[in-house]
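Below, each chain spelled out in residue letters.
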Amino acid sequence: MIPILHQHRDFVVINKPAGIHFHSQDGQPGLVVQLERQLSLKLYPVHRLDTVTSGVLVLATNPATAAALTEAFSTHQMEKRYLALSDRKPKKKQGSIKGHIVKARRGAWKLARDGDGNPAHTQFVSHGLGQGLRAYLLRPLSGKTHQIRVTLKSLGAPILGDALYGGSETDRTYLHALSLAFELNGHSHHFYALPQQGPEFATPALLTQLQQWQQTPPLWPK
C-alpha cells in the first residue's frame, strides 16, 4: 500500500516509496496505476519523482486541478524541500548553485555553464551528522531533470547510494522529497513527511537536525 498523507476532493498527496517507477514499464504497473487501483480513482499526474527518490508527491483528481497545479509547478510557485545524505566532503557546505543541466553519458546529466533555456537554480544548507555523513536540505527554484542529484554531484558530494552519479553503494539512494507547499483556489496547503526507508534516514543525529530545521528555518543563500 502506498502511504496516503492527505486526500482532498481535488488532489491526493502521498509519501512515495523509493524504488517505484512513476510510469508503468516492463509489464509492471507504475506508481500512478498502483495508486488508482488502491483508491479506485482516476488520477492526473502534475509532477514526478525519480524511481530512486521517495517523498511527498501530489496528484490531481480532476483535469481542472491538474491544469492549475501543472501551471504552479511550471511557474515555480510550488515551495519544495529535499533531504539528501552524502558521505563525501563537499566543495562548500551551503550556497546557491546555478547552471544548465545537459545530457552526459549513460543516461546521466551534468551541470554546465552554457545550455539551452533557463538554468537550474538550487539553494542548500547542510549539517554534519558524524561518521563522515552530511545531511543536505535543498530548495530547488527550478524543476530540471535530476536537478538535486546533479547539484550534489557538482559539489563533489554525490548522494549516498546514487550509483548513476558516483555515490557510495548502500541499501538505497538517500534522496527524499521532504515537503511541498502550494496555494489552490485561495487556500494554502503544506505537506511534510519523513522518509520511511533506509537506516541512515532514521539516525538520532539526523532526526534532531530535521527538527531544528523545522523549528528554525534556514536563511537560504542568495
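See the structure above.
Note that the structure is predicted; figures quoted are calculated from it, not measured. (Residues numbered from 1 in each chain as written. Predicted model: local features only at pLDDT ≥ 70, side-chain atom pairs only at ≥ 80, totals over all residues. Heavy atoms only, no water.)

**Details of the overall build of the chain**
The line we're drawing: Under the scheme used here, helices are H or I runs from DSSP no shorter than 4 residues and strands are E runs no shorter than 2 residues, and both carry numbers assigned from the N terminus. With C-alpha atoms as the basis for the radius of gyration, the globule rule is written as 2.2 Å multiplied by the number of residues raised to the power 0.38. Whether a residue is buried, partly exposed or exposed follows from its accessible area with a 1.4 Å probe, protein chains only, as a fraction of its type maximum: under 20%, in between, or over 50%, in that order. What makes two residues a contact is simply this: any of their non-hydrogen atoms within 4.5 Å. Accessible areas in this description were obtained via Shrake-Rupley with a 1.4 Å probe; residue shielding takes into account the shown protein chains only. Asp and Glu are treated as the negative residues and Lys and Arg as the positive ones, with His and the ends of the chain left uncounted. To locate a charge, take atom NZ for lysine, CZ for arginine, CG for aspartate or CD for glutamate.
Within the chain one finds 4 helices and 11 strands. Against the 2.2 N^0.38 benchmark of 17 Å for 222 residues, the chain shows a C-alpha radius of gyration of 17 Å, consistent with a compact globule. Summarising its shape, the C-alpha atoms of the chain cover approximately 45 × 40 × 40 Å along the three principal directions. Each of the 222 residues in the chain was classed as buried or not, and the buried ones make up 50%. When contacts within the chain are restricted to residue pairs at least 6 apart in sequence, those whose partners lie at least 24 apart make up 62%. As displayed, the chain has an accessible area near 11,500 Å², and 48% of this comes from carbon and sulfur atoms. Between the averaged position of the 25 positive side-chain charges in the chain and that of its 14 negative side-chain charges there is a distance of 7 Å.

**Observations concerning a positive patch on the surface**
For clarity, the cut-off: Each patch is built from residues lacking any salt bridge and having more than 30% relative accessible area; the joining distance is 9 Å for like charges and 5 Å for nonpolar side chains (Val, Leu, Ile, Met, Phe, Trp, Tyr). Every case where a carboxyl oxygen of Asp or Glu lies within 4 Å of a side-chain nitrogen of Lys or Arg is listed as a salt bridge.
A cluster of basic residues, Arg105, Arg106, Lys110 and Lys153, forms a positive patch on the protein surface. Mapping Lys153 onto the fold places it in helix 3 (residues 147-154).

**Concerning the nonpolar core**
Selection rule: Residues belong to a common nonpolar core when they are buried Ala, Val, Leu, Ile, Met, Phe, Trp, Tyr or Cys residues joined through side-chain atoms within 4.5 Å.
Core analysis: the largest hydrophobic core is formed by 41 residues, its most contacted members being Ile14, Leu138, Leu152 and Leu206. Ignoring anything within four residues of it in the chain, the contact list for Leu138 reads Lys80, Arg81, Tyr82, Ala84, Thr122, Gln123, Phe124, Ile148, Leu152 and Trp220.

**Observations concerning helix 3**
Because each turn of an α-helix spans 3.6 residues, side chains separated by three or four positions end up pointing in the same direction. Counting buried positions along helix 3 gives 6 out of 8 residues, so the element sits mostly inside the fold. Regarding helix 3, the residues found buried are Gln147, Ile148, Arg149, Val150, Thr151 and Leu152. Those residues of helix 3 that are buried lie in contact with strand 5 (79-86), strand 6 (95-103), strand 7 (109-112), strand 8 (120-130), strand 9 (133-140) and strand 10 (175-184). Phi turns positive one or two residues past the end of helix 3, at Gly156, with a value near 80°.

**Describing helix 1 (residues 31-39)**
Worth spelling out the cut-off: Working note: the arc is built from the helix axis to C-beta atom directions.
Among the residues making up helix 1, those that are buried are Leu31, Val32, Leu35, Glu36 and Leu39. In an axial view of helix 1, the angular spread of the buried residues amounts to 130°, which keeps them on one side of the axis. On its buried face, helix 1 is in contact with strand 1 (4-7), strand 2 (11-16), strand 3 (44-45) and strand 4 (54-60). Ser40 sits one or two residues past helix 1 and shows a positive phi near 55°.

**Digging into the environment of Arg172**
Filter applied, for reference: Polar contact is defined as a pair of N or O atoms within 3.5 Å, subject to the rule that within protein one atom must be able to donate a hydrogen and the other to accept it, and that residues adjacent in sequence are counted only when both atoms are side-chain atoms.
Mapped onto the secondary structure, Arg172 falls in the loop between helix 3 and strand 10. On the basis of relative accessibility, which here comes to 9%, the residue Arg172 falls in the buried class. Through-space distance from the C-alpha of Arg172 to that of Glu200 is 9.7 Å; in sequence the pair is 28 residues apart. A polar atom in the side chain of Arg172 sits 3.0 Å from the backbone oxygen of Leu175.

**What about the pattern of salt bridges?**
Evaluated as defined, the whole model comprises 7 salt bridges. With a shortest N-O distance of 3.9 Å, Glu36 and Lys42 are connected by a salt bridge. The salt bridge involving Asp50 is made with Arg149; its shortest N-O contact spans 3.1 Å. Here Asp50, found in the loop between strand 3 and strand 4, pairs with Arg149, found in helix 3; they are 99 residues apart in sequence, far enough to count as distant. Each of the two residues, Asp50 as well as Arg149, counts as buried. Through salt bridges with shared partners, a single ionic network connects Asp50, Arg149 and Asp162.

**Thoughts on the side chain of His47**
Mapped onto the elements, His47 comes out in the loop between strand 3 and strand 4. A polar side-chain atom of His47 sits 3.0 Å from the main-chain amide nitrogen of Val58. Non-local contacts of His47, meaning those with residues more than four positions away in its chain, are made with Phe22, Val56, Leu57, Val58, Phe73 and Leu180.

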